[in-house]
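# Working through the structure, step by step
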Amino acid sequence: MHNRALICESDLLGERFRRRQQDNRCTINTDTLIRNLAELHPGQPVVHLDHGVGRYVGLTTLEAGGIKAEYLILSYAGEDKLYVPVSSLHLISCYAGRADENAPLHKLGGDAWTRARQKAAEQVRDVAAELLDIYAQRAAKNGFSFQHNLKKYQLFCQTFPFETTPDQQQAINAVLSDMCKPLAMDRLVSGDVGFGKTEVAMRAAFLAVENGKQVAVLVPTTLLAQQHFDNFRDRFATWPIRIEMMSRFRSTKEQQQVLNAAANGKVNIIIGTHKLLQGDLCWRDLGLLIVDEEHRFGVRHKDRIKVMRSNVDILTLTATPIPRTLNMAMSGMRDLSIISTPPAHRLAVKTFVREYDSLIVREAILREVLRGGQVYYLYNDVENIEKAAQKLAKLVPEARIAIGHGQMRERNLERVMNDFNHQRFKVLVCTTIIETGIDIASANTIIIERADRFGLAQLHQLRGRVGRSHHQAYAYLLTPNPQQAMSDDAQKRLAAIASLEDLGDGFALATHDLEIRGAGEMLGEDQSGQMTTIGFSLYMELLESAVDALKNGREPSLEDLTSSHAEVELRMPILLPDDFVPDVNTRLSFYKRIASAKNSNDLEELKVELIDRFGVLPEPARNLLQNATLRQHAQTLGIKRIEGNEYGGFIEFGDNNCVDPGYLIGLLQSNPQVYRLDGPSKLKFMLDLRDRETRLKFTKNLLSTFLAHRVVLST
Ligand code: ADP
């Protein structure tokens, strides 16, 4: 069977896979979920697995039959309210899909949600199968084991003029260690613009070349190729390494020479655009492919990269934030390193959102020019860019101005960029052609006209063009005059980007479009739609559960994916009382973490943390943890629901229950006064359980004996 084959893996990889999964599990529970719910504010949309998208209203304590419990109030379309017990927070995730106010609320009791969920689950299943397929293919193929010559490598490191940042070092270590393994590397390094990904690539390139292998550095634009070309040349200047460039900046003859050099092994590193992917390029011995911003390549080129993926070590760099959640579902399929901190001494870009005003423009430009710096003036309309430049020249006659855009002749554009780089003029009036990768340390002011027309991610990228050295950099986001002419969304975007001055913040920018873009980048763009419909977190949860199922040799059933969560109701107070954990958001975050804990270890850790932070657990808090343990057991056993009260209760089995039927029959026969079947899937029990402690203990024991009498279903 298809899935079986996927489980065949080398022991080495299997072990690594499992270990990584465990590691990730810890990070995920504490990291993402806290961010997910601890920051929940009233009005924010959330997704309930069974009811769809609603808005969070608040937490409330309700008392029913003398038993206190805390509930999350959600409001749905038509102001309908849903009360969700805090023990069921595993059913809730933050809705990230669209801007908060536009979240498509569902109607309680309607079937739109069921259909959407169904459709998403089907797609997720396919994605999971595809991911595992990639994983299996990776596991099956061997790559080159690079040898590490420490002495030479250290020499190379010494010529790096900075101290590596901890994240950068970790990424470097991971890459080098991947390369030294007999398995082909497929690692993604994700980090904001200017965070130092290039050095990671250089170190990898160094190791490859030292091993006699050739390196291809694939970049999306000609300008970026030039930039990398210059940087690589500088960095490797003292080494006998030949570096060449393939791009439309090069003449046919020059390109032919590079092709020849590639084929006879005379060139070590070639940096280039998609021309590197063309069929006429034969490598003597390609060992490493570095891909910068893979998402900017077209489908055809991506397919070519995919083919190469099965032959050589691949290192992909991206400035799109890849959500850590995704890391988990993907673990082992593609490795991920995240550089989340900027190099030291980097100052945040001071960002101003202003209505267009020629005085502001003049002042901003003069200020930069007078301190010896340069300015990007972004005007994203090629047709009128000449006029805009003329206007600017009149406004600031003191500054030399030039124009650069993508429709210029290549040679001219190259010259302009080169001149700007060498500070031959001060103001570059340009289009978004500067969006990725251009790195000019002395350009420290960017002025963006009609900033309202750009998306958040794009603004963030553009702003990243400045502030790449220790100088204070400035970004002016100019809006139409008056500001009311902008859409609400645009105003919000600009406010968001202005408030996220901190470099780290920019990257952590939990904006939905970025996360979705990042996920889309890895899973395929067509998944973005589904993520929007059911919310990003839920999508990731579904994906993870589908991957898990497939890995264990099971077909992920839709039932499995959408509504397999067990419920346990023992009629006792289960909550973190507000005199124990006073802060609502902290409570919420603990509720969510407890509800989402995957195993008894997770729960034990949470218990220790609670005691550590708040003291001895009061009874309702103990109950909450016990309840969560029971729920985990029930889940393992394929039990749908457990209810207990003063005089007994019942256990309702799901379709995938795995308690030995023989054992159940024995139980019924030996204790007919206690156990009785109520329909085909409900086991009733009748006895005195008035004491809560006894009730808990009884249920726990019963589940323990079930666990001891499990039958493993063959698939
Ligand atoms: P990215 O590729 O992530 O956009 P770069 O690698 O181009 O970023 O780095 C941006 C700038 O920061 C470069 O000028 C680079 O020399 C510098 N840089 C890289 N790493 C460090 C570091 N650890 N400390 C200080 N500066 C650094």
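About the thresholds
Residues numbered from 1 in each chain as written. Predicted model: local features only at pLDDT ≥ 70, side-chain atom pairs only at ≥ 80, totals over all residues. Heavy atoms only, no water. Buried < 20%, exposed > 50% of the residue type's maximum accessible area, 1.4 Å probe, protein only. Helix = DSSP H or I, 4+ residues; strand = E, 2+ residues; numbered from the N terminus. Arc of directions from axis to C-beta. Polar contact = N/O pair within 3.5 Å; in protein donor to acceptor, adjacent residues only side chain to side chain. Near = heavy atom within 4 Å. Areas by Shrake-Rupley, 256 points an atom, 1.4 Å probe, with all protein chains shown as cover. Nonpolar A, V, L, I, M, F, W, Y, C, P; charged D, E, K, R; others polar. Contact = heavy atoms within 4.5 Å. Core = buried A, V, L, I, M, F, W, Y, C linked by side-chain atoms within 4.5 Å. Axes fitted to C-alpha atoms, helices over the stretch in contact; angles between N-to-C directions. Parallel < 35°, antiparallel > 145°, perpendicular 65-115°, else oblique. Left-handed = near helix turned anticlockwise from the far one by under 90°. Phe/Tyr/Trp six-rings, centres within 6.5 Å; stacked < 30°, edge-to-face > 60°. Lys NZ or Arg CZ within 6 Å of the ring centre and 35° of its normal. Pairing = 2+ DSSP bridges. pLDDT = per-residue confidence, 0-100. Salt bridge = Lys/Arg side-chain N within 4 Å of Asp/Glu carboxyl O.

This part is about helix α4 (residues 150-158). Residues Y153, F156 and C157 constitute the buried set of α4. Summarising the axial view, the buried residues of α4 lie within an arc of 100°, below the 170-degree limit, and thus occupy one face. Opposite the buried face of α4, at more than 90 degrees from it, the exposed residues are K151 and Q158. The opening residue of α4 is N149, an N-cap whose side-chain oxygen sits 3.1 Å from the backbone nitrogen of K151.

What follows covers the site of the ligand. Around the ligand there are 17 residues in total, and E163, G194, K197, T198 and R346 lie nearest to it. Contact distances for the ligand include 2.9 Å between a nitrogen atom and a side-chain N or O atom of Q168. In this structure, T198 approaches the ligand through a side-chain N or O atom, which is 2.9 Å from an oxygen atom. Against a free-state accessible area of 560 Å², the protein chains account for coverage of 81% of the ligand. Per-class residue counts for the shell around the ligand are 5 nonpolar, 6 polar and 6 charged.

Looking at the secondary structure, you find E70 in strand β3 (residues 67-75). A distance of 2.7 Å separates polar atoms of two side chains, one belonging to E70 and the other to R587. Sequence-distant contacts of E70, defined by excluding residues within four places in its chain, comprise L59, T60, T61, V84, P85, V86, I574, L575, L576, R587 and Y591.

Within the largest apolar cluster, 73 residues are counted, with the highest numbers of intra-cluster contacts made by F236, I269, L315 and Y376. In terms of residues, this core owes the most to one element, helix α6 (residues 197-210), which gives 9 residues. Counting 56 residues, the second largest nonpolar core, distinct from the first, contains L74, Y591, F653 and L702.

The interhelical angle for the contact between helix α5 (residues 166-180) and α6, taken along N-to-C directions, is 25°, at an axis separation of 9 Å. In terms of orientation, α5 lies roughly parallel with respect to α6. Seen from above, α5 lies across α6 with right-handed handedness. Mapping the contact onto sequence places Q168, Q169, A171, I172, V175, L176, M179 and C180 in α5 and E199, V200, R203, A204, L207 and A208 in α6. Taken together, the residues that form the contact of α5 with α6 break down as 10 nonpolar, 2 polar and 2 charged.

So, on to the packing of aromatic side chains. Tallied over the full model, the rule gives 18 aromatic pairs. Relative to W239, the ring of F206 has its centre 4.9 Å away and its plane inclined at 75°; by these criteria the two rings are edge-to-face. Placement of F206 in helix α6 and of W239 in the loop between α7 (222-235) and β8 (243-246) is noted, with a sequence separation of 33 residues between them. With respect to burial, F206 and W239 carry one shared label: buried. Plain terms: the ring middles of Y663 and F706 are 6.3 Å apart, the flat faces sit at 85° to each other, and that makes the pair edge-to-face. Here Y663, found in helix α24 (residues 661-670), pairs with F706, found in helix α25 (residues 692-708); they are 43 residues apart in sequence, far enough to count as distant. Classification of F706 by relative accessible area gives buried; the value is 0%. Here the aromatic cluster, defined as three or more aromatic residues joined through ring pairs, consists of Y153, F156, F206, F232, F236 and W239. Above the plane of the ring of Y474 lies R367, whose end atom (NZ or CZ) is 4.4 Å from the centre. For K682, the ring lying beneath its charged end belongs to F650, and the centroid distance is 4.2 Å.

Our focus in this paragraph is the pairing of strand β14 (residues 374-378). Where burial is concerned, most of β14 is hidden: 5 out of the 5 residues are buried. Across the two faces of β14 the burial is the same, with Q374, Y376 and L378 and V375 and Y377 all buried. For β14 and strand β17 (residues 443-448), the ladder comprises 5 bridges, and the chain directions are parallel. From the neighbouring strand, L378 faces β17, where its bridge partner is I448. Two strands pair when backbone bridges link them, and β14 and strand β16 (residues 427-430) are joined in this way by 4 bridges, in the parallel orientation. When the bridges of β16 are listed, V375 appears paired with V427.

We now examine the side chain of Q226. Structurally, Q226 can be placed in helix α7. Accessibility expressed as a relative area gives 17% for Q226, which makes it buried. Setting aside residues up to four positions removed in sequence, Q226 forms contacts with M245, F249 and E414.

What follows covers the confidence of the model for the protein chain. On average, residues of the protein chain score 82 in pLDDT, and 84% of them reach the 70 mark or higher. This stretch, residues 1-36, has a pLDDT under 50; its non-local contacts, to residues over four places away or in other chains, come to 63 contacts. The low-confidence segment residues 503-512, where pLDDT is below 50, has 30 contacts with residues more than four positions distant or belonging to other chains.

Of all 6 residues making up β17, 6 are buried, and the element is well covered by its neighbours. As paired strands, β17 and strand β18 (residues 474-479) are joined by 4 bridges and run parallel to one another. Bridge pairing in β18 places I446 opposite A475.

Another point: the sheet that holds β16. The 6 strands are arranged β13-β18-β17-β14-β16-β15 in an open sheet whose pairing can be described as parallel. Strands with a single pairing partner mark the edges of an open sheet, and in this sheet they are β13 (350-355) and β15 (401-404). Each strand of the sheet is rotated relative to its neighbour by a mean of 20°, with strand direction disregarded. Strand contacts of helix α12 (residues 385-395): β14, β15 and β16, with the helix running at about 165° to β15, the strand carrying the most contacts. On the sheet, helix α13 (residues 410-421) packs against β14, β15, β16 and β17 and is oriented at approximately 145° with respect to β16.

Below, the discussion takes up the pattern of salt bridges. A complete count under the given rule lists 20 salt bridges for this structure. Between D50 and R117 there is a salt bridge, with its nearest N and O atoms 3.4 Å apart. Taken together, the residues D50 in the loop between β1 (45-48) and β2 (52-64) and R117 in helix α3 (residues 112-140) connect sequence positions 67 residues apart. Residue R117 is classed as buried on the basis of its relative accessible area of 10%.

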